[in-house]
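# Per-entry structural report
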Amino acid sequence: MKQLLILGAGTSGTMMANHLNKVLPKDSWNISIVDQEETHYYQPGFLFLPFDLYKTKDVKKKIDKFIPKRVKLINEKIERIDKDKNEVVLKNNTILSYDILIVATGTNIAPQEIEGMLGAHWHKSVFDFYTYEGAKNLRDKLRTWKGGKLVVHISEMPIKCPVAPLEFAFLADSFFTNKGIRDQVEISFVTPMSGAFTKPKATEALNYLLEQKHIKVIPDFNIESVDGPNHKIMDYAGEEVAYDLLVTIPTNMGDPMIKRSGIGDELNYIPTDKATLQTKIKDNIFAIGDATNLPASKAGSVAHFEAEILTENIQRYIAGKELKKEFDGHANCFIETGHGKALLIDFNYTQEPVKGTFPFPGVGPLSLLKETHMNHMGKLAFKWIYWNMLIKGKHIPFVSATMQTSGKQIEETTH
Ligand SMILES: Cc1cc2nc3c(=O)[nH]c(=O)nc-3n(C[C@H](O)[C@H](O)[C@H](O)COP(=O)(O)OP(=O)(O)OC[C@H]3O[C@@H](n4cnc5c(N)ncnc54)[C@H](O)[C@@H]3O)c2cc1C
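Residues numbered from 1 in each chain as written. Predicted model: local features only at pLDDT ≥ 70, side-chain atom pairs only at ≥ 80, totals over all residues. Heavy atoms only, no water.

### Points about the layout of surface pockets
The following threshold applies: Think of a 1 Å grid over just the protein atoms. A cavity is a set of points where a 1.4 Å probe fits yet cannot get out, a pocket is an open set with protein on both sides within 12 Å along at least five of seven lines, and lining residues have an atom within 4 Å of a point. Grid points are joined across faces, edges and corners, and a volume is the space filled by probe spheres set on the points.
Looking at the second largest pocket, its volume works out to about 280 Å³. Lining of the second largest pocket is provided by 20 residues; of these, Pro158, Leu294, Pro295, Ala296 and Ser297 occupy positions nearest its centre.

See the structure below:
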């Protein structure tokens, strides 16, 4: 029997287990998956938890519920990959041999990378919302916070779901307005980028919203340290921003297991071919989702598109065929803007977000780069789609893995 081993049972790993369960012959392939957690978290819900818009039960379910019976789930921490021996060593010293390895260990916050970020103030006046604990503690804080300077801050790029910090600022505006204390809260958005978002066209659309919601943008802020006792953040150019409540996205990094295995870059991301998803480490090692170094967004939607292409490439690899160079960096992200509205953006490695309709050309019902209530309903529906279709590897009708140009106002380039 041949062994296919998946590391990580988050969004990407769970999708791959479900896809491969359907296509790998049972009489010649064993499939195993390893994760340190017993819980599968719906991370997009961490945005809503702090504002009491979701309950904890909306964002966590038992991990084994989504792994097919045929796939062996191993609940243990991964110590390292030994690529030369085609083996993975677990923390309890178990050794797992593989013929094909898929790395899907994601990315996580690394607040220890910023001087002074951790300390007595962590989860007291300085919060993250990228972890379950962070989002829950922030919810408890916001329930009683009386107002002051709220600073929403990005430490450095890349981060997973790059629109989430902006969405947090928009939802904060909506939350404090509904509470009747918006005039007592000053919201600033502090970013190392030169604008509110990574893509210039989307930044244009978002700037208008930031102005409308009285959210001050402080760009080009490269954080050096946090002064917890004096409630301020400092950047390398000597600029200081004071806060009463700091909601920060710390540096994001791949799992330390990647470093221990000696296969990652300086942020522990795995060098991966951006079109085939085969790693540049070894031919029989593939990577997917946030764990890769691809220049695509680190998002569940991206992992979903990658999973369809990777499933085909694993089959091709087994059959000795050339891999399909098909992944185009396709991302499809809702941007919650508060007050029951949202934007939708659809883009890939080369095409920036543009106006138009999605998924049906001219019909929608979703509008691209435009704030609508229908888009907000789409964002809320994503939770159901995630738990019931996406991670179970079911095809989502009318949404293709590569970006479609029909129905979009793509500008002609002149040569
Ligand atoms: C606040 C927030 C909002 C978001 N909103 C959206 C959104 O609206 N739309 C969207 O598409 N995406 C969104 N995302 C991003 C999305 O959740 C991630 O991109 C997606 O989960 C990536 O999947 P992954 O499988 O690569 O990593 P993960 O889902 O993080 O899974 C990695 C798994 O690997 C396991 N693991 C790691 N290291 C080890 C080890 N050493 N031993 C054992 N197990 C290990 C972890 O326990 C985890 O289960 C959001 C993320 C956040 C934080």
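Continuing now.
### What about the pairing of strand 15 (residues 223-227)?
Applied cut-off: Exposure categories follow from relative accessible area, calculated using a 1.4 Å probe and restricted to protein chains: below 20% of the type maximum is buried, above 50% is exposed, and the middle band is partly exposed. Note on conventions: DSSP H or I runs of at least 4 residues are helices, E runs of at least 2 residues are strands, and numbering of each starts at the N terminus. When DSSP locates at least two bridges between a pair of strands, those strands are taken to pair.
The buried count for strand 15 comes to four of five residues, which makes it a mostly enclosed element. The sheet contact formed by strand 15 and strand 16 (residues 232-235) spans four bridges and is antiparallel. The partner of isoleucine 223 across the bridge, within strand 16, is aspartate 235. Hairpin remark: strand 15 followed by strand 16, antiparallel, with four residues in the connecting loop; positive phi at histidine 231, about 55°.

### Remarks on the pattern of salt bridges
Short version of the rule: Each salt bridge in this description consists of a side-chain nitrogen of Lys or Arg and a carboxyl oxygen of Asp or Glu lying within 4 Å of one another.
Summed over all chains, the structure comprises 14 salt bridges. Close ionic contact of glutamate 322 with lysine 325 constitutes a salt bridge, the shortest N to O distance being 3.6 Å. Like glutamate 322, the residue lysine 325 is exposed in the burial classification. Linked through salt bridges whose partners overlap, the residues forming this network are Asp52, Arg139, Asp140 and Arg143.

### Some remarks on the sheet that holds strand 9 (residues 100-103)
Heads up, the condition is: Only the contacting stretch of a helix is used when fitting its axis, a line to C-alpha atoms as for every element, and angles between N-to-C directions run 0 to 180 degrees. A contact between two residues is defined here by any heavy atoms of the two lying within 4.5 Å.
The five strands are arranged 5-2-1-9-20 in an open sheet whose pairing can be described as parallel. The sheet is open, and its two edges are formed by strand 5 (72-75) and strand 20 (285-287), each paired on a single side. Taken over all neighbouring pairs, the strand axes of this sheet differ in orientation by 20° on average, direction set aside. Strand direction decides the pairing type here: strand 1 (residues 2-7) and strand 2 (residues 29-35), joined by six bridges, are parallel. Across the sheet, the residue bridging to leucine 7 is valine 34, located in strand 2. Across the sheet, helix 1 (residues 11-23) lies against strand 1, strand 2 and strand 9, angled at about 165° from strand 2, the strand it touches most. Relative to strand 9, helix 7 (residues 300-318) is tilted by about 160°, and along the sheet it contacts strand 1, strand 2, strand 9 and strand 20.

In short, the description is geometric, and any link to function would need to be established separately.
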